[in-house]
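Descriptive structure summary
Spelled out from the first residue to the last, the chains are:
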Amino acid sequence: MIQAWTTSCLSRNGGGDQRSELMNLCDVFQSDEDHYGKGLMLKTNTDELYVITAAHVAIGATKVMTDIGNKEQEMAVKMAWMHEGYLADGHPDLALLRIEHNDIVRAALRAKPLIAADNVNLRHELCSVDKQRFFKGEITEIRSEAPSCVATAAAAGSTAGAVGPTAGAPTAGSDPRRMLWLLLSGITSMPGDSGSPMVTADGYLGGVVHGVSPQTSKSKRHMSSTTNSLTRRALHPLLYIAPLDSLRSPSESFVAVPLPEGDTTHLYKALELLELMPHTFSIKKNPMMTIAGYKTSYVTPAESQLQEGDEADEPWMKALNRLEIRLSKQISRVSEQINSMRGYEKGEMATEASFKSLREHLMQHFDIAEADIDSMTVTDLFMKLFNELEKDPFPEWVMLQLQFSKAAHVPPPKLRHGG
């Protein structure tokens, strides 16, 4: 597990005037934001318009905008789907948006499909394609894991109470692993780049921007050292990319993103709050822990409970209370910054306010009592959420205008010999 403070490449303000002239690129917006992320528009076999973007950009997305012939085109988001793995583990951070019909945009998009690389590997270089923004990096790590038991168990028709470590396991002979993310080392992106497509040197799609992590590295003085004795903390940005292999057949692995209004309001709010939860609230970390047990172990008390009381007369008690208040505030700020790399961030504790609100929205949507929520295990809860979102999966008959092919192999360099 990466021990790094990771945040999404999102922009909370501005960026709308930096759109690319490339026809497929678009900006993704939320109702209360000037700009939120990027996306890649595609046509489908049903002559509809879809957008590939990051899952944390898709949650709450209301419209996309692009420029065609120096004229701004705005299209409302009609429906969104995210990769099922993002719900359970935070990876892959990939989503699809169906946007409203626009004849001008449809005519501008090329008839031929875009080519996606199905063999991105170590040493492949991925670059941005936005004319207003340039960032790139070489793939230095590929993380693959077996799918979470939530998705496999639900697909097998298991009930929440029957979920366990081996529930819904893939059959013999199948490949149980999926690619979660690619790690790039190079020129990093900036806020607002989440969802941006990244391509290989020969123009094949390699993934979309997922998040950026200021990793710690050695100072220049000790770069030659391979020991830990003479190192100190220094920021070294690394870029995370969500792979596209699941887009071969989206109906197999994409579930609906609830709408922020109507019957799914509480479910949408719960999903938003789930993004703020640390990696400890996952089936990977604490699958069999009850929700009540999680609150006892990982939820920090509200600030009001940490205020100095009449009994805190001793100076050391007052100092301790003040320290707890500062720590609580710091943890809250960290939680607000983490939403695209859930499962790999540094913090382990959840704030009481976010945890309480998450529980209340789940109780409202599922119409269940607090005692029922508290008695569930973390796996049970994720299974219940997954089954709810799976009610409106990505349509099987829709095929993206995307063609998978092998990109040029990048061999490792060879040592030269003299003579």
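Before any of the text, the structure's been laid out above.
Chains are numbered independently. Their residues run from 1 in the order of the written sequence. The predicted origin of the model limits local features to residues at a pLDDT of at least 70 and limits the giving and counting of side-chain atom pairs to 80 or more, whereas totals for whole chains, interfaces and linings rest on all residues. Just so you know, side-chain values use all the structure's heavy atoms and leave hydrogens and water out.

Right, let's talk about the overall build of the protein for a bit. A tally of regular secondary structure across the protein gives 10 helices and 18 strands. Within the protein, contacts between residues at least 6 apart in sequence are counted, and of these 73% link residues at least 24 apart. Accessible surface area values rest on a Shrake-Rupley calculation with a 1.4 Å probe, where residue burial reflects the displayed protein chains alone. A total accessible area of about 20,500 Å² is found for the protein, and carbon and sulfur atoms account for 51% of it. Put simply, DSSP H or I for four residues or longer makes a helix, DSSP E for two residues or longer makes a strand, and each gets a number counted from the N terminus. Contacts: residue pairs with any heavy atoms within 4.5 Å of one another.

Quick look at unusual backbone geometry now. Here the residue pair His91 and Pro92 is connected by a cis peptide bond, since its omega of -10° sits within 30 degrees of zero. Here Pro92 shows up in the loop between α2 (84–89) and β7 (95–99). Positive phi is not limited to glycine here, since Asp47 has a value of about 65°. With respect to the secondary-structure elements, Asp47 resides in the loop between β3 (37–43) and β4 (49–53). Throughout this description, buried means an accessible area under 20% of the type-specific maximum (1.4 Å probe, protein chains only), exposed means over 50%, and partly exposed covers the range between. A relative accessible area of 37% places Asp47 in the partly exposed class. Phi angles above zero are rare outside glycine, and Asp367 is one such case at about 55°. Structurally, the position occupied by Asp367 is in the loop between α8 (352–366) and α9 (370–375).

The next subject is the pattern of salt bridges. The salt bridge definition used is simple: a Lys or Arg side-chain nitrogen within 4 Å of an Asp or Glu carboxyl oxygen. Following the criterion strictly, the structure yields 12 salt bridges and no others. Note that Glu388 is salt-bridged to Lys391, the shortest N-O span being 3.0 Å. What makes Lys391 exposed here is its relative accessible area of 61%. What you see here is one network of salt bridges that share partners, running through Asp27, Lys38 and Asp130.

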